[in-house]
Amino acid sequence: MPTKKPLIAIVDDDESIREAIKGLMRSMGFDAETFACADDFLRFPNIARTACLVTDINMPGMSGLDLHRRLVALGKSIPTVLITAFPEKNVRATALGADVVGCLTKPFGEQILLDCIRFALALNSEGQSGS
């Protein structure tokens, strides 16, 4: 039985960003799903299969930080890359924790995003093998 590709979830209210990251993820051999808001992601039936979450910090409704906190509260540990067009010094300090593997300012290069995702996947595989 073939091994499933890692699933990268992208949550951003900007469709062009979602689609660009989705295209990059698929070109790198990952599965990718996009969501326009945090609530849509929380309703995703394959949330447990998500190997890495890439989420915008500033979105209408629930922010990316709030989404990450909600996942932690639900006991879902998903390595997360936060992205934002409006960097605030305090956000980075508040956000960086065990599951937050990066906080990138838009526009960011493809390579730095890929580095964060590869780090997240490495964390994810360590967590699965250690369980």
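Residues numbered from 1 in each chain as written. Predicted model: local features only at pLDDT ≥ 70, side-chain atom pairs only at ≥ 80, totals over all residues. Heavy atoms only, no water.

- As recorded in an unreviewed UniProt entry, the chain goes by the name FixJ family two-component response regulator, listed as coming from Rhizobium binae.

## Things to note about helix H1 (residues 15–27)
Then comes step 1: Here H1 is 13 residues long and its end C-alpha atoms lie 18 Å apart, about the 18 Å a rise of 1.5 Å per residue gives.
Then comes step 2: Considered for burial, the residues of H1 that qualify are Arg18, Ile21, Lys22, Leu24 and Met25. Buried residues of H1 fall within an arc of 165° about the axis and therefore sit on the same side. Within H1, the exposed residues directed more than 90 degrees away from the buried face are Glu15, Ser16, Ala20 and Ser27.
Then comes step 3: Gly29 sits one or two positions beyond H1 and adopts a positive phi of about 90°. (Helix = DSSP H or I, 4+ residues; strand = E, 2+ residues; numbered from the N terminus. Expected span 1.5 Å × (residues − 1). Buried < 20%, exposed > 50% of the residue type's maximum accessible area, 1.4 Å probe, protein only. Arc of directions from axis to C-beta.)

## Points about the sheet that holds strand S5 (residues 100–105)
Then comes step 1: The 5 strands are arranged S2-S1-S3-S4-S5 in an open sheet whose pairing can be described as parallel. At either margin of the open sheet sits one strand with a lone partner, and together these are strand S2 (31–35) and S5. Taking the axes of each pair of neighbouring strands and ignoring which way they run, one obtains an average angle of 15° across the sheet.
Then comes step 2: As defined by bridge partners, strand S4 (residues 80–84) adjoins S5 across 5 bridges and the pair is classed as parallel. Looking at S5, one finds that Leu82 is bridged to Cys103.
Then comes step 3: On top of the sheet, helix H3 (residues 64–73) reaches strand S1 (7–11), strand S3 (50–56), S4 and S5; it is set at about 150° to S3, its chief contact. (Pairing = 2+ DSSP bridges. Axes fitted to C-alpha atoms, helices over the stretch in contact; angles between N-to-C directions. Contact = heavy atoms within 4.5 Å.)

## Examining the packing of aromatic side chains
Then comes step 1: The final tally for this structure, using the stated rule, is 3 aromatic pairs.
Then comes step 2: Look at Phe35 and Phe41: their rings are 5.3 Å apart centre to centre, the planes differ by 75°, and that puts the pair in the edge-to-face class.
Then comes step 3: The buried category is assigned to Phe35, whose relative accessible area is 8%.
Then comes step 4: Where Phe35 meets Phe44, the ring centres are 5.0 Å apart and the plane angle is 65°; that geometry is what we call edge-to-face.
Then comes step 5: Here a set of aromatic residues connected by ring pairs shows up, and it is made of Phe35, Phe41 and Phe44. (Phe/Tyr/Trp six-rings, centres within 6.5 Å; stacked < 30°, edge-to-face > 60°.)

## Observations regarding the UniProt feature "modified residue: 4-aspartylphosphate" (unreviewed entry) in the chain
Then comes step 1: According to UniProt, the feature "modified residue: 4-aspartylphosphate" (unreviewed entry) maps to Asp56 in the numbering used here.
Then comes step 2: Examined against the element boundaries, Asp56 turns out to sit in strand S3.
Then comes step 3: Those residues in contact with Asp56, other than ones at most four positions away along the chain, are Val11, Asp12, Asp13, Ser63, Gly64, Ile83, Thr84 and Lys106. (UniProt positions renumbered as here; feature names shortened; annotations may be inferred.)

## With respect to a negative patch on the surface
Then comes step 1: Where like charges cluster on the molecular surface, the negative patch consists of Asp13, Asp14, Glu15 and Glu19.
Then comes step 2: Within the fold, Asp13 resides in the loop between S1 and H1. (Patch = residues over 30% accessible without salt bridge, like charges linked within 9 Å, V, L, I, M, F, W, Y side chains within 5 Å. Areas by Shrake-Rupley, 256 points an atom, 1.4 Å probe, with all protein chains shown as cover. Salt bridge = Lys/Arg side-chain N within 4 Å of Asp/Glu carboxyl O. Lys, Arg positive; Asp, Glu negative; His and termini not counted. Charge placed at Lys NZ, Arg CZ, Asp CG, Glu CD.)

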